[in-house]
Amino acid sequence: MTPDKASVWSLKIGEQVIGLFSDPQGDQPWILCRFTPAAGWESVRHLFEVQEEARRAGFPQDKVWAIKEVRELGLELHPTNGGEMIRPIFIYIQDETARFRF
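All values reported here derive from a predicted model rather than from experimental measurement.

How each quantity is defined
- Residues numbered from 1 in each chain as written.
- Predicted model: local features only at pLDDT ≥ 70, side-chain atom pairs only at ≥ 80, totals over all residues.
- Heavy atoms only, no water.
- Salt bridge = Lys/Arg side-chain N within 4 Å of Asp/Glu carboxyl O.
- Buried < 20%, exposed > 50% of the residue type's maximum accessible area, 1.4 Å probe, protein only.
- Core = buried A, V, L, I, M, F, W, Y, C linked by side-chain atoms within 4.5 Å.
- Helix = DSSP H or I, 4+ residues; strand = E, 2+ residues; numbered from the N terminus.
- Contact = heavy atoms within 4.5 Å.
- Phe/Tyr/Trp six-rings, centres within 6.5 Å; stacked < 30°, edge-to-face > 60°.
- Pairing = 2+ DSSP bridges.

**Some details on the pattern of salt bridges**
Inference 1: In the structure shown here, the tally under the stated rule is 7 salt bridges.
Inference 2: A salt bridge links Glu42 to Arg45; its shortest N-O distance comes to 2.9 Å.
Inference 3: For Glu42, a relative accessible area of 53% gives the class exposed.
Inference 4: Here Glu72 and Lys68 are joined by a salt bridge, their closest N and O atoms 2.8 Å apart.
Inference 5: By relative accessible area, Glu72 is classed as exposed at 52%.
Inference 6: Taken together, the shared-partner salt bridges connect Glu42, Arg45 and Glu49 into one network.

Structure follows, in structure tokens:
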């Protein structure tokens, strides 16, 4: 997939919108995006914060549980233009920046 700068995805857990990913840029093997939180963000924010701490610290054993928890959320990226849904393998969100792989 080559990101289209106009692409915007809704990040969802089921029907709950967690946030929007926009302005994608390729950084192989990652897609980097701008993240805009939605109403559902607060329910999962802590998991993403701990996951990011784990990544920055080199994945210490006391924090890797967050990576598993994020994976088990069943996150989906739904294009707002009606394109094909993406199930990311890895997804990280820090402040206004998101990155994912699929």
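**Observations regarding the nonpolar core**
For soluble globular proteins, the rule of thumb is that nonpolar side chains tend to be buried together.
Inference 1: Core analysis: the largest hydrophobic core is formed by 19 residues, its most contacted members being Leu11, Phe21, Phe48, Ile91, Ile93 and Phe100.
Inference 2: Residue assignment for this core shows that the elements contributing at least two residues are β1 (8-13), β2 (16-27), β3 (30-37), α1 (45-56), β4 (75-79), β5 (90-94) and β6 (97-101).
Inference 3: The greatest single-element share of this core, amounting to 3 residues, is contributed by β3.
Inference 4: In this structure, Ile91 is in contact with Leu11, Phe21, Phe48, Gln51, Val70, Leu75, Arg99 and Phe100, ignoring residues within four places of it in sequence.

**Some thoughts on the packing of aromatic side chains**
Inference 1: Taken as a whole and judged by the stated rule, the model has 8 aromatic pairs.
Inference 2: Considering the side-chain rings of Phe21 and Phe35, the 5.9 Å spacing of their centres and the 85° angle between planes classify their relative orientation as edge-to-face. With a gap of 14 residues between them, Phe21 in strand β2 and Phe35 in strand β3 connect regions that are remote in the sequence.
Inference 3: An aromatic cluster of three or more residues is present, and its members are Trp9, Phe21, Phe35, Trp41, Phe48, Phe100 and Phe102.

**Some details on unusual backbone geometry**
Inference 1: For Asp23, which is not a glycine, the phi torsion comes out positive at approximately 50°.
Inference 2: The topology assignment puts Asp23 in strand β2.

**Concerning the pairing of β4**
Inference 1: Where burial is concerned, most of β4 is hidden: 4 out of the 5 residues are buried.
Inference 2: Here β1 runs beside β4; their pairing, made up of 5 bridges, is antiparallel. Across the sheet, the residue bridging to Leu11 is Leu77, located in β4.

**What to know about the environment of Phe21**
Inference 1: Judged by relative accessible area, which is 0%, Phe21 ranks as buried.
Inference 2: As a C-alpha pair, Phe21 and Phe90 span 69 residues in sequence and 14 Å in three-dimensional space.
Inference 3: Every residue in contact with Phe21, bar those within four places of it in the chain, is listed here: Ser7, Val8, Trp9, Leu11, Cys33, Arg34, Phe35, Leu77, Ile91, Ile93, Ala98 and Phe100.

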